[in-house]
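Structure at a glance
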Amino acid sequence: MRVILDTNVLLGALISPHRPPDTIYRAWRASRFELVTSTEQLDELRRASRYPKLRAILPAHRVGTMVNNLQRAVVLPTLPPLPDGVEATDPNDSFLLQMALASAADYLVTGDRKAGLLQRGNLGHTRIVTPAVFCAQAL
């Protein structure tokens with residue numbers, strides 16, 4: 001099973017132990033599924049972790065360890081453009097849809113209820129779900 005975790009899920013795994021994002025991250029570390037990421041997402045993770053509200057609660061070494069761990073995932077170096085008629089409500093999430101199409105992921109897991117990804121429900125073969133739904137259905 002191939003899975004994409006939105007950056008908010010990855011950060012959530014660092015912020016709140018024993019919650020669904022952490023459970024998912026630990027399941028990947030235990031090789032229960034194949035994680036897909038991209039150089040664009042790794043850059044976003046580094047950038048977002050430097051936001052003042054996150055810097056106050058996330059030590060840089062924990063984010064660095066996660067970025068290093070993610071190098072073991074399937075890292076897509078380049079992403080194809082989205083096909084005509086496919087777009088993200090939030091343009092900053094376009095790379096997640098591009099990753100889903102490029103990798104034929106089974107799941108895209110996101111905690112962002114306002115960005116429109118969850119409302120989409122799926123993109124081709126890829127189901128778009130919350131961390132809690134993913135834990136209940138796939139783990």
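Our structure is the block above this text.
Residues numbered from 1 in each chain as written. Predicted model: local features only at pLDDT ≥ 70, side-chain atom pairs only at ≥ 80, totals over all residues. Heavy atoms only, no water.

Some points on the packing of helix 2 (residues 20-29) against helix 5 (residues 60-70)
Note the threshold: Each axis is a line fitted through C-alpha atoms, and for a helix only the stretch in contact is used; angles between axes span 0 to 180 degrees, taken between their N-to-C directions. Helix and strand definitions follow DSSP, with helices as H or I runs of at least four residues and strands as E runs of at least two, each counted in order from the N terminus. Orientation categories follow fixed angle ranges, with anything under 35 degrees roughly parallel, anything over 145 roughly antiparallel, 65 to 115 roughly perpendicular, and all other angles oblique. Crossing handedness: left-handed means the near helix sits turned counterclockwise from the far one by under a right angle, and right-handed means the same turn made clockwise. Here, two residues are considered to be in contact whenever any of their heavy atoms come within 4.5 Å of each other.
Packing of helix 2 against helix 5 brings their axes to within 12 Å, and their N-to-C directions diverge by 45°. Put simply, helix 2 runs oblique to helix 5. Both helix 2 and helix 5 take part in a crossing whose hand is left-handed. For the pair helix 2 and helix 5, the contacting residues are Y25, W28 and R29 in the first and M66, N69 and L70 in the second.

Quick word on the pattern of salt bridges
The cut-off we apply is this: A side-chain nitrogen of Lys or Arg and a carboxyl oxygen of Asp or Glu constitute a salt bridge if their distance falls within 4 Å. Burial classification: accessible surface area is computed with a 1.4 Å probe over protein chains only, and a residue below 20% of its type maximum counts as buried, one above 50% as exposed, and the rest as partly exposed.
In total, this model carries 3 salt bridges according to the counting rule given. Of the charged contacts in the structure, one is a salt bridge between E34 and R2, with a shortest N-O distance of 2.8 Å. With E34 in strand 2 (residues 34-38) and R2 in strand 1 (residues 2-5), this pair connects stretches of sequence that are 32 residues apart. Looking at E34, the relative accessible area reads 35%, which means it is partly exposed. Among the salt bridges present, the one from R26 reaches D22, with a minimum N-O distance of 2.9 Å. Separated by 4 residues within a single helix, R26 and D22 lie in helix 2, roughly one turn from each other.

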